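# Structural overview for review
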Amino acid sequence: SIGKDGDIPAIKYNLFDGNYFKDPINRLTAKKEKLINLSEDLNRHQYGFESYEILYIDSKYLALSISIQVFGSPWEDSEYYFFDLEKDTNIGNSLFKNRKKLLLECNKKLINQENIRLNLETSDLSNYILVFDSNRKFNEIIFVFKDLNNYSVSGNQKYEVSFTRIEIENFIASKYRN
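### Examining unusual backbone geometry
- Of note, the phi angle at N98 is positive, near 50°, even though the residue is not glycine.
- Examined against the element boundaries, N98 turns out to sit in the loop between strand 4 (89–90) and helix 2 (99–114).
- Even without glycine at this site, R136 takes up a positive phi of about 65°.
- We classify R136 as partly exposed; its relative accessible area is 43%.

As structure tokens, this is what we get:
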């Protein structure tokens, strides 16, 4: 029935009440079966979970990571973004000038660190982590590259290449150099 305010009164049922659930073994078995069914539904629909982490924020810039994992699967991935809050844009690889030369430097480091050479495109320079010191000054950048030719059930192999501020400074576009 509808209450005097026009609201439909909430009727609460405790799912685990009743004679069958008075026995703790039966109650635990029912909970376990419900969780198994829920797990199968999440798997069947390839439900994913996202996690966001703010890596840096001030009045002008926001750096964040988004991690995605598919339920019941070893597949996972992370993407990194750097936003200009005043212009409401993703800075991405526009943070850099001389991008082709920067890609060559990244591949040199990959060969030295991992003994691998990737076929990198300038768009690959958009996936990076900016590292700031305790005074909120940028002091390192870590590029995260995916090997799109080598895929496994857990996703693409990832490789990290880092540059100190001094190493990368000549590649930073002048409008972001402060």
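From this point, the narrative continues.
### A look at the nonpolar core
- Of all hydrophobic cores here, the largest spans 29 residues; its most connected members are L95, F96, I141, F143 and I168.
- Elements with a minimum of two residues in this core: strand 2 (61–70), helix 2, strand 5 (128–132), strand 6 (138–152) and strand 7 (155–164).
- Leave out the neighbours within four places in its chain, and F96 touches L102, L125, Y128, I141, F143, I168, F171, I172 and A173.

### What about the sheet that holds strand 7?
- As summarised here, the arrangement of the 3 strands in space is 5-6-7, forming an open sheet in which the pairing is antiparallel. The open sheet has two free edges, formed respectively by strand 5 and strand 7, since each of these has just one partner strand. Taking each pair of neighbouring strands and ignoring which way they run, the sheet shows an average axis angle of 25°.
- Pairing geometry for strand 6 and strand 7, over 10 bridges, is antiparallel. Counterpart to Y151 in the pairing with strand 7 is N156.
- On the sheet, helix 2 packs against strand 6 and strand 7 and is oriented at approximately 110° with respect to strand 7.

### Digging into the pairing of strand 6
- In terms of strand pairing, strand 5 meets strand 6 through 5 bridges, oriented antiparallel. In the strand pairing of strand 6, Y128 is matched with F143.
- Here strand 5 hands over to strand 6 after 5 residues, with R136 in that stretch at a positive phi of 65°.

### What about the pattern of salt bridges?
- With the rule as written, the count across this model stands at 6 salt bridges.
- For D77, the salt bridge identified is with K158, shortest N-O distance 3.1 Å. Note that D77 is positioned in strand 3 (residues 76–84) and K158 in strand 7, a separation of 81 residues in sequence.
- Here K158 falls in the partly exposed class, since its relative accessible area comes to 29%.
- Across the salt bridge formed by K109 and E167, the nearest N and O atoms sit 3.2 Å from each other. In this pair, K109 sits in helix 2 while E167 sits in helix 3 (residues 165–168), placing the two residues 58 residues apart along the sequence.
- Sharing partners across several salt bridges, the network here consists of D77, E79, K146 and K158.

### Regarding the side chain of N127
- Inspection of the secondary structure assignment puts N127 in the loop between helix 2 and strand 5.
- Engagement of the side chain of N127 in a polar contact is seen with the backbone nitrogen of Y80, the distance being 2.8 Å.
- Apart from the residues within four sequence positions on either side, N127 is in contact with S78, E79, Y80, I142, F143, V144 and K146.

### What to know about helix 2
- With 16 residues, helix 2 extends 21 Å from end C-alpha to end C-alpha; this agrees with the ideal 22 Å at 1.5 Å per step.
- Those residues of helix 2 that sit buried are L102, L103, C106, N107, K109 and L110. Within helix 2, the buried residues cover an arc of 160° as seen down the axis, which keeps them to one side. Residues of helix 2 that are exposed and angled more than 90 degrees away from the buried face: K100 and N112.
- If you follow the buried residues of helix 2, they end up packed against strand 6, strand 7 and helix 3.
- One or two positions beyond helix 2, positive phi appears at N115, with a value near 55°.

Cut-offs and rules
- Residues numbered from 1 in each chain as written.
- Predicted model: local features only at pLDDT ≥ 70, side-chain atom pairs only at ≥ 80, totals over all residues.
- Heavy atoms only, no water.
- Helix = DSSP H or I, 4+ residues; strand = E, 2+ residues; numbered from the N terminus.
- Buried < 20%, exposed > 50% of the residue type's maximum accessible area, 1.4 Å probe, protein only.
- Core = buried A, V, L, I, M, F, W, Y, C linked by side-chain atoms within 4.5 Å.
- Contact = heavy atoms within 4.5 Å.
- Pairing = 2+ DSSP bridges.
- Axes fitted to C-alpha atoms, helices over the stretch in contact; angles between N-to-C directions.
- Salt bridge = Lys/Arg side-chain N within 4 Å of Asp/Glu carboxyl O.
- Polar contact = N/O pair within 3.5 Å; in protein donor to acceptor, adjacent residues only side chain to side chain.
- Expected span 1.5 Å × (residues − 1).
- Arc of directions from axis to C-beta.

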